[in-house]
Amino acid sequence: MPGTTPGARMPTTESRPGLDGEALKLIAIFAMTVDHIAYAFVDNGTLLAIFMHAIGRITGPVMFYLAAEGYHHTRSVPRYILRLAVFALISFLPFQLFVYGRELPVRFNFLRLNVLYTILLGVLAVWVRHEVRPMPLKLLLLGGLILLAAPGDWGTSGVLMILTFEFYYGAFPQQAFAYILLVLLDMNVLHLFTGPTFSLLYEGTLDLTMWTYEAENLGLFLPLLLLRQYNGQRGRHSLGGKWLFYVYYPAHLIVLGLIRVAVGV
């Protein structure tokens, strides 16, 4: 299989305890829906919004983890990449509608791109890591893909998470450690603690302003509790299997976007 490393976990049909890929997708879908409802209808900075967005922080890392898994489990990497590209395109206008609501005609932004676009670039980056030689070209392409992710939902962090999960494929302790470093340093979670400390030391005041809007990022640690239960299996595909997220993602964006238009938000 593409990119498989010696001793890495391989897919199996034998039933194992824990959470399979489909169960993780269902949890991610629930968390995403909670997050998007908060984005659309709950005032930012309120305790309710912080709680709902913290739950929503489960979605991205779980889907990025599954994207790295998918690279190893798929029968065809080109078809996997094509599927991501097609649904990223299908989700383009629904995402714009969700983000801008009734203001879409005047605020339409070609560079406001959805998370499937980010996952697409992440999987392409994994392919480059495994298949492209020589090293200077590999690094150039990886850097380009990371930069291209900037307009996407989760942006460059999403691609870095996919690369990190895949680099340590089959070794969860290493995946978790590298992920925690990314969360602390790239997602500014460490700043939640160092910022107030510095303000107290150098300005004599304890500034907790950032906690109002960034405390939700503490939810980025929640995915680890789920991913450590992953049993390496795709699931029974009883609820759509690999198509579940692809279909639900643009569909729920359309519904929430139309509700935003209807209620005038």
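The rules we used
Residue positions within a chain follow its written sequence, with the count starting from 1. Confidence filtering applies because this is a predicted model: local features only for residues at pLDDT of at least 70, side-chain atom pairs given and counted only at 80 or more, and all residues used for totals across whole chains, interfaces and linings. Heavy atoms from the whole structure form the basis of all side-chain values; hydrogens and water molecules are not counted. Helix numbers and strand numbers start at the N terminus; a helix is a DSSP run of H or I with at least 4 residues, a strand a run of E with at least 2. C-alpha atoms define the radius of gyration in this analysis, and the globule rule sets the expected value at 2.2 Å times the number of residues to the power 0.38. Partly exposed describes any residue whose relative accessible area lies between the buried limit of under 20% and the exposed limit of over 50%, with all areas from a 1.4 Å probe on protein chains only and scaled to the type maximum. Residue contacts are defined here by distance: any two heavy atoms, one from each residue, within 4.5 Å place the two residues in contact. Method for areas: the Shrake-Rupley scheme with a 1.4 Å probe, in which residue coverage is limited to the protein chains shown. Helix span, as expected, comes to 1.5 Å for every residue beyond the first. Counting of polar contacts relies on pairs of N or O atoms within 3.5 Å, with two restrictions inside protein: one atom must be capable of donating a hydrogen and the other of accepting it, and residues adjacent in sequence are counted only when both atoms are side-chain atoms.

> Which parts of the structure should I look at to understand the overall build of the chain?
Assigned secondary structure in the chain consists of 14 helices and 0 strands. For 265 residues, the compact-globule estimate of 2.2 N^0.38 gives 18 Å, and the chain sits close to it at 19 Å. Considering the chain as a whole, with its 265 residues, one finds that 50% of them fall into the buried category. Counting contacts in the chain only where the partners sit at least 6 residues apart, residues at least 24 apart contribute 74% of the total. Accessible area of the chain: about 13300 Å², with a carbon and sulfur share of 68%.

> Is there a simple way to think about helix H1 (residues 21-41) in this case?
An α-helical turn contains 3.6 residues, so a residue and the one three or four places further along point in the same direction. If you check H1, its first and last C-alpha atoms are 30 Å apart, about what 21 residues at 1.5 Å a residue would give, namely 30 Å. A distance of 3.1 Å separates the backbone nitrogen of Glu22 from a side-chain oxygen at the start of H1, and that oxygen is part of Asp20.

> Would you mind going over unusual backbone geometry with me for this structure?
Leaving glycine out, the prevailing phi sign among residues is negative, and the prevailing peptide bond configuration is trans. Residue Arg133 is joined to Pro134 through a cis peptide bond whose omega torsion reads 0 degrees. As for its placement among the helices and strands, Pro134 is situated in the loop between helix H7 (115-131) and helix H8 (135-148). Within the chain, Trp154 stands out as a residue other than glycine whose phi angle is a positive 75 degrees. Of note, Asn188 is a non-glycine position whose phi angle comes to about 65 degrees, a positive value. Here Asn188 is to be found in the loop between helix H10 (172-186) and helix H11 (189-203).

Nothing here speaks to function; it is all geometry.
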